[in-house]
Amino acid sequence: MEIRAQINTTRWFKEKSLIKEIEPKLPHREGYSDMLLSFSEQAIYCEVTSPESIQKSIESKKQNEVKKVQNLLKKQSWMSEQDAEHEIRKDRITRNLLAKTRRQLPPNHPGILALETGKSMVFTFDTKKIAQKLFPSRPQVMLIMLWSLERGSQIGEAPFCFVNPNSPYQNIGQKLLEYLGLDNKVIS
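Attention in this report is confined to the structure presented alongside it.

Each value, and the rule that gives it
- Residues numbered from 1 in each chain as written.
- Predicted model: local features only at pLDDT ≥ 70, side-chain atom pairs only at ≥ 80, totals over all residues.
- Heavy atoms only, no water.
- Buried < 20%, exposed > 50% of the residue type's maximum accessible area, 1.4 Å probe, protein only.
- Helix = DSSP H or I, 4+ residues; strand = E, 2+ residues; numbered from the N terminus.
- Pairing = 2+ DSSP bridges.
- Phe/Tyr/Trp six-rings, centres within 6.5 Å; stacked < 30°, edge-to-face > 60°.
- Contact = heavy atoms within 4.5 Å.
- Polar contact = N/O pair within 3.5 Å; in protein donor to acceptor, adjacent residues only side chain to side chain.

### A few points about the pairing of strand 5 (residues 141-147)
Most of strand 5 is tucked away: 7 of the 7 residues are buried. In this structure, strand 5 lies alongside strand 6 (residues 160-163), joined through 4 bridges in antiparallel fashion. Bridge pairing links leucine 146 to phenylalanine 160 in strand 6.

Set out below in structure tokens:
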């Protein structure tokens, strides 16, 4: 799923004439980012991920998940088991995205986190909550671009976009979205 998301997202940015380089070396450590975009002479690093890939990679930790669900249900008795599972899954996705953006997006360059969530059932309201936790810790992430199954949003169609108000690159992100003709929501 991750590779398919990377291919589709790369194609989407290429169609918008924004691709400068695929798998560029990172300036802050050994390794590579998924893409380097160029907009108004500004280099923008982009990391693509699919929470479904994250989900599959940690299925073996299911026993631990069951305990977490039970503990959450004891604390939040009003929640259904499904609600508790969803909250724990959202927290896990947030932790993984915090780690991934720390490693893959340079701290002194604007970055985009592209999420493809079509099969993982992560929607706009989930992504907004994830962004509220991620943005304060990752000012280099100027945008989260979400492709989900909501309103038919798939890669190839306009994504949902969230702008990081904590980012020094917020204006670049908003101008990029304006250039792309996309709506954006500043997450506070």
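### Focus: the packing of aromatic side chains
Per the counting criterion, the structure on display carries 3 aromatic pairs. Pairing tryptophan 12 with phenylalanine 13 gives two aromatic rings, centres 5.1 Å apart and planes at 85°, and the pair type is edge-to-face. Both residues of the pair, tryptophan 12 and phenylalanine 13, belong to the buried class. Centroid distance tryptophan 12 to tryptophan 147: 5.2 Å. Interplanar angle 75°. Geometry classified as edge-to-face. Of the two residues, tryptophan 12 sits in helix 1 (residues 2-15) while tryptophan 147 sits in strand 5, which places them 135 residues apart along the sequence. Aromatic rings pair up to connect Trp12, Phe13 and Trp147 into one cluster.

### Topic: the environment of lysine 133
By the element assignment, lysine 133 lies in helix 5 (residues 124-134). The partly exposed category is assigned to lysine 133, whose relative accessible area is 45%. The sequence separation of lysine 133 and threonine 94 amounts to 39 residues, and the corresponding C-alpha distance is 7.3 Å. Contact partners of lysine 133, with chain neighbours within four places excluded, come to Asp91 and Thr94. Within polar-contact distance, the side chain of lysine 133 engages the side chain of aspartate 91 at 2.8 Å.

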